[in-house]
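# Examining the three-dimensional arrangement
What follows is the residue order along each chain.
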Amino acid sequence: MNKEIIWGTSFSPEYSWYLGDKDPLETLRVIREDLNIQDFRLGLRWNTVEKNKKVSLGFYEKYLDYLLKSNCNICLNVGPIKVMRWPEEHIPEYIDVEERSVVKKDSELAKYAFEYFQKLLVLLKENYGKEKNISFQIENECYNRFGHKGLLMSDGYLIEIAKMLHEFFPKNNLMMDSAARKDLRKLLHLFEIFVEKDLYKWEQLTVGINYYSMIPRDFPFLRRKEALTFFYPWSMSLSHLKKLQTDFGFRLEISEAQFEPWGNRTLPGNSRKEFEYVVEHSLKIFPKSYMGKVIRLWGMEEFGLKMKQKRLTSEHMDIIRDFFV
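These remarks concern the structure in this document. Fair warning: this is a prediction, and the values are worked out from it, not measured in the lab.

Looking only at helices and strands, one finds eleven helices and twelve strands in the chain. Viewed in the frame of its principal axes, the chain has a C-alpha envelope of about 50 × 45 × 40 Å. Intrachain contacts of the chain at a sequence separation of at least 6 include 79% that bridge at least 24 residues. Put simply, the chain shows about 15000 Å² of open surface, and 51% of that area lies on carbon and sulfur atoms. Here the chain contributes 50 positive and 47 negative side-chain charges, whose respective centroids are spaced 2 Å apart.

Right, here's the structure in full:
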């Protein structure tokens, strides 16, 4: 397999608990040490960090501390409103939310989000301000209504969040993600604004693409909906994305590469052939000369639990042997 791939993953301890995992930290250790994955994305959920209107990193500290002691790279998905894993919008119950609304910088929800985000950033700066291998992600899939409230984020709101983050962590990198190719035009336009406002340099910015090769409930006559080659006709092409990357020097990554069973799909995480398909297509987003191709596997919590419980099939063992060892 391509020697330039940097294997990463997204890890949610809350989702591990949902799967029945009694020790998510041990599962994280298995993923890190047995698969030699060194690049991790963690989501800090608003309604987990804030309890009774007080903020604390207590729930996440042991995971962060373990990864830092293991010299891992960490991408913190800090929201504040949208953080990876369903229901996406992890908002405290005391805040009323208008469903399918657009979050603007002067909206009521934004006011609460700014207040919380300021407190979160103070904590992160106090505890992890000297760590150089931490990058950030704000508002997961900010231009996609995927989430139980169906919220979208305005550019004005996102700029304010980026300003707050920059005030505390001006030298740290920032990743933002697109649902396949759907949101690339909007995302690159937002990055242009960030650069114009001197919030970030192009080399500090990363475009993440969430890639799912198998979508539940698709048309019965289609084997799969190939989101990287067929999406919406107005979506930015991969060739144009690669040209822009070459011209401006921003980073690229597959921020979510489907690896877990989802809905009525039992693949690709249970099939070596299907996983190879995901990897081969994921590599299409990178220019040929691009170095350090990060592919973050989505669904590693379930795979790690199977490893820990010694429930691996021969297909799983083939995946480990051919891609990670």
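That was the structure; now back to the text.
On to the pairing of strand S10 (residues 205-211). The side chains of a regular strand alternate, residue by residue, between the two faces of the sheet. Summarising burial for S10: seven of the seven residues are buried, a large majority. With burial as the criterion, each face of S10 is covered, one bearing Leu 205, Val 207, Ile 209 and Tyr 211 and the other bearing Thr 206, Gly 208 and Asn 210. Pairing of strand S9 (residues 174-179) with S10, which is carried by six bridges, proceeds in the parallel orientation. Opposite Leu 174, over in S10, you have Leu 205 as the bridge partner. Regarding topology, helix H7 (residues 184-196) serves as the crossover connection from S9 to the parallel S10, and that connection is right-handed.

Here the focus is the environment of Gly 299. Looking at the element boundaries, Gly 299 is found in the loop between strand S12 (293-298) and helix H10 (300-308). Accessibility expressed as a relative area gives 1% for Gly 299, which makes it buried. Considering only alpha carbons, one finds Gly 299 and Phe 259, 40 residues apart in sequence, at a separation of 5.3 Å. Setting aside anything within four residues of it in sequence, one finds Gly 299 in contact with Arg 85 and Glu 260.

A few words on helix H4 (residues 61-69). For H4, the complete set of buried residues consists of Tyr 63, Leu 64, Tyr 66, Leu 67 and Leu 68. Within two residues after H4, Asn 71 carries a phi angle of roughly 60°, on the positive side.

With that settled, consider the side chain of Arg 181. Within the secondary structure layout, Arg 181 lies in the loop between S9 and H7. Classification of Arg 181 as buried rests on a relative accessible area of 7%. In this structure the side chain of Arg 181 is engaged in a polar contact, spanning 2.9 Å, whose partner is the backbone oxygen of Met 236.

Moving on to a nonpolar patch on the surface. A cluster of nonpolar residues, Trp 86, Phe 146 and Trp 262, forms a patch on the protein surface that exposes about 320 Å² of accessible area. Mapped onto the elements, Trp 86 comes out in the loop between strand S5 (73-79) and strand S6 (102-103).

Looking now at the nonpolar core. For soluble globular proteins, nonpolar side chains are generally found buried alongside one another. Residues Trp 7, Leu 76, Ile 81, Leu 124, Tyr 157, Met 176 and Phe 194 are the most contacted members of the largest nonpolar core, which totals 97 residues. Ranked by residue count, the leading element in this core is helix H5 (residues 108-128), at eleven residues. Setting aside residues up to four positions removed in sequence, Leu 124 forms contacts with Leu 44, Leu 57, Leu 76, Val 78, Gly 129, Phe 136 and Phe 169.

In this section: the sheet that holds strand S2 (residues 39-43). Around the barrel, which closes on itself, the eight strands sit in the order S1-S2-S5-S7-S9-S10-S11-S12 with parallel pairing between neighbours. Between one strand axis and the next, the sheet turns by 25° as a mean value, whatever way the strands run. Where S10 and strand S11 (residues 251-258) come together, six bridges link them in parallel fashion. Of the residues in S11, the one forming a bridge with Gly 208 is Glu 253. Packed onto the sheet, H5 meets S5 and strand S7 (134-138) and runs at close to 160° relative to S5.

Before going further, it helps to spend a moment on the packing of aromatic side chains. For the coordinates displayed, the defined rule picks out 21 aromatic pairs. With a centroid separation of 6.0 Å and 80° between ring planes, the pair formed by Tyr 94 and Tyr 112 is classed as edge-to-face. Of the two residues, Tyr 94 is situated in the loop between S5 and S6 and Tyr 112 in helix H5; the sequence distance between them amounts to 18 residues. In this structure Tyr 94 comes out as partly exposed when scored by relative accessible area, which is 37%. Joined through ring pairs, the aromatic side chains of Trp 7, Phe 259, Phe 275, Phe 303, Phe 323 and Phe 324 make up one cluster. Seen from the ring of Tyr 94, Lys 53 lies directly overhead, with NZ or CZ sitting 4.8 Å from the centre. In this structure, Arg 85 is placed above the aromatic ring of Tyr 15, and the distance from its NZ or CZ to the ring centre is 3.6 Å.

What follows concerns the pattern of salt bridges. Once their charged atoms are close, side chains differing in charge can pair, the charge on each being opposite to the other. What the rule picks out here adds up to 19 salt bridges. Across the pair Arg 85 and Glu 260 runs a salt bridge, and its minimum N-O distance is 3.2 Å. You can see Arg 85 sitting in the loop between S5 and S6 and its partner Glu 260 sitting in the loop between S11 and helix H9 (272-282), a full 175 residues away along the chain. Glu 260 matches Arg 85 in its accessibility class, with the two residues each being buried. Among the ionic pairs, Asp 318 bridges to Arg 321, the shortest N-O distance being 2.9 Å. Of this pair, Asp 318 and Arg 321 both sit in helix H11 (residues 314-324), three residues apart, which is roughly one turn of the helix. In this structure, a network of salt bridges that share partners links the residues Arg 272, Glu 276, Asp 318, Arg 321 and Asp 322.

About the cut-offs
Residues numbered from 1 in each chain as written. Predicted model: local features only at pLDDT ≥ 70, side-chain atom pairs only at ≥ 80, totals over all residues. Heavy atoms only, no water. Helix = DSSP H or I, 4+ residues; strand = E, 2+ residues; numbered from the N terminus. Contact = heavy atoms within 4.5 Å. Areas by Shrake-Rupley, 256 points an atom, 1.4 Å probe, with all protein chains shown as cover. Lys, Arg positive; Asp, Glu negative; His and termini not counted. Charge placed at Lys NZ, Arg CZ, Asp CG, Glu CD. Buried < 20%, exposed > 50% of the residue type's maximum accessible area, 1.4 Å probe, protein only. Pairing = 2+ DSSP bridges. Right-handed = clockwise from strand over helix to strand, strands pointing away. Polar contact = N/O pair within 3.5 Å; in protein donor to acceptor, adjacent residues only side chain to side chain. Patch = residues over 30% accessible without salt bridge, like charges linked within 9 Å, V, L, I, M, F, W, Y side chains within 5 Å. Salt bridge = Lys/Arg side-chain N within 4 Å of Asp/Glu carboxyl O. Core = buried A, V, L, I, M, F, W, Y, C linked by side-chain atoms within 4.5 Å. Axes fitted to C-alpha atoms, helices over the stretch in contact; angles between N-to-C directions. Phe/Tyr/Trp six-rings, centres within 6.5 Å; stacked < 30°, edge-to-face > 60°. Lys NZ or Arg CZ within 6 Å of the ring centre and 35° of its normal.

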